[in-house]
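This is what each chain is made of:
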Amino acid sequence: MKKIIYFASLVTVIGVTAFTANCSQAEEAVPDNSLTFNASLVSDYRFRGISQTRLEPALQGGADYSNNPTGLYVGTWLSTLKWIKDSGGSDNIEWDIYAGKKGNFTQDLSYDFGVLSYVYPSNGLNPSANTTELYGQLGYGPAYIKYSQSVTNLFGFANSKNSGYLDIGANIDVTNGYTVNLHAGHQTVKNNSASSYNDWKVGLTKDFGFLSGSIAVIGTDTNNYVGPAPDRKNLGKTSLVIGATKTF
């Protein structure tokens, strides 16, 4: 009996030691610096609930660099769009440039602070559509709350500096690579209350390994964002949006 107990104890010690070693190796495997790229195809580019592509598909892609020990990161992202030309401008590309710092206050409480510029090269609008925002996000488990404030005019609205966007949501891992995506937001356009509105999303993403797929119902409570004549499409109407993303 003593030999059996001794053997069981020895197996337990070996198992715990191996588990600890594996965890240490996994932790050590995280690189100090990481660079990733992404490419997407979506049936409609929705930004804060409003279609940027007249309810039509968009191609998107970007790159992200992170310094893991410090939490500092920089990135860029681009998308095709139509609203600039629809507004009388001469551009069909959105180019985002951002930088920030993220990490954890505690095991469950995370943070993410930074600055993001939305650039529409040669957009030709007056005021310019180019916009820069400061943002801050707190997360607790799968839930988060984020606030963004413009330090320039907001997407071509005159006298709209200091407009704000409140974003509350959760990304809940369920099973087998599925994630439920919930979001509610409120956009305030400074000195233009008629253009302020609420938006929401209920979606599901699935990691297939070789790519990620997404499906979501997205909508707003505004009818003030419309496409060009003669259709005058409601760009904030509730609709289904699907997409596929490859990260490498």
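Our subject is the structure that appears above.
Structural notes, computed from the coordinates. Please read these numbers as outputs of a predicted model, since none were measured by experiment.

## Observations concerning the packing of aromatic side chains
Alright, step 1. Counted according to the given criterion, the structure contains ten aromatic pairs.
Alright, step 2. Each ring, one from Trp83 and one from Tyr120, has its centre 5.5 Å from the other, and the planes form 75 degrees; the classification is edge-to-face. With Trp83 in helix α2 (residues 83-86) and Tyr120 in the loop between β7 (109-119) and β8 (131-140), this pair connects stretches of sequence that are 37 residues apart. Here Trp83 matches Tyr120 in class, with each residue buried.
Alright, step 3. Here Tyr118 and Phe155 contribute two aromatic rings whose centre-to-centre distance is 5.1 Å and whose plane-to-plane angle is 70 degrees, an arrangement assigned as edge-to-face. Here the residue Tyr118 occupies a position in strand β7, and Phe155 occupies one in the loop between β9 (143-150) and β10 (164-173), the gap between them amounting to 37 residues. Accessibility classification places Tyr118 together with Phe155 in one group, the buried group.
Alright, step 4. A cation over an aromatic ring shows up here: Lys206 above the ring of Tyr178, its NZ or CZ 4.6 Å from the ring centre.
Alright, step 5. Taking the ring centre of Phe208 as reference, the NZ or CZ of Lys206 above it sits at 5.8 Å.

## Some words on the pairing of strand β12 (residues 197-207)
Alright, step 1. In this structure, strand β11 (residues 178-188) lies alongside β12, joined through ten bridges in antiparallel fashion. In the strand pairing of β12, Tyr178 is matched with Lys206.
Alright, step 2. Note that β12 and strand β13 (residues 212-220) share nine bridges and pair antiparallel. Pairing of Thr205 across the sheet is with Ser214, part of β13.
Alright, step 3. The antiparallel pairing of β12 with β13 creates a hairpin that spans four residues between the two strands, and Gly209 there sits at a positive phi of about 95 degrees.

## Some thoughts on the nonpolar core
Alright, step 1. Ranked by size, the top nonpolar core spans 23 residues in total, and within it Trp83, Ile84, Tyr120 and Phe155 carry the most contacts.
Alright, step 2. When contributions to this core are tallied by element, the ones reaching two or more residues are β5 (72-80), α2 and β7.
Alright, step 3. Apart from the residues within four sequence positions on either side, Trp83 is in contact with Gln52, Tyr120, Leu125, Ala129 and Phe155.

## Quick word on the environment of Tyr118
Alright, step 1. Under the relative-accessibility criterion, Tyr118 is labelled buried at 5%.
Alright, step 2. Distance in space between the C-alpha atoms of Tyr118 and Asn130 is 5.7 Å, their sequence separation being twelve residues.
Alright, step 3. Every residue in contact with Tyr118, bar those within four places of it in the chain, is listed here: Phe47, Arg48, Glu94, Trp95, Asp96, Asn130, Thr131, Glu133 and Phe155.
Alright, step 4. A polar contact is formed between the side chain of Tyr118 and the side chain of Glu133, at a distance of 3.3 Å.

## A few points about the pairing of β11
Alright, step 1. Burial along β11 is one-sided: the face carrying Thr179, Asn181, His183, Gly185 and Gln187 is buried and the face carrying Tyr178, Val180, Leu182, Ala184, His186 and Thr188 is not.
Alright, step 2. Both β10 and β11 contribute to a ladder of ten bridges, which runs antiparallel. Looking at the pairing, Gly169 lines up with His183 of β11.
Alright, step 3. Once β10 ends, the chain turns through four residues before running back antiparallel as β11, passing Asn176 with a positive phi of about 55 degrees.

Rules behind the numbers
Residues numbered from 1 in each chain as written. Predicted model: local features only at pLDDT ≥ 70, side-chain atom pairs only at ≥ 80, totals over all residues. Heavy atoms only, no water. Phe/Tyr/Trp six-rings, centres within 6.5 Å; stacked < 30°, edge-to-face > 60°. Helix = DSSP H or I, 4+ residues; strand = E, 2+ residues; numbered from the N terminus. Buried < 20%, exposed > 50% of the residue type's maximum accessible area, 1.4 Å probe, protein only. Lys NZ or Arg CZ within 6 Å of the ring centre and 35° of its normal. Pairing = 2+ DSSP bridges. Core = buried A, V, L, I, M, F, W, Y, C linked by side-chain atoms within 4.5 Å. Contact = heavy atoms within 4.5 Å. Polar contact = N/O pair within 3.5 Å; in protein donor to acceptor, adjacent residues only side chain to side chain.

Note that all results are geometric; they support no functional claim without further evidence.
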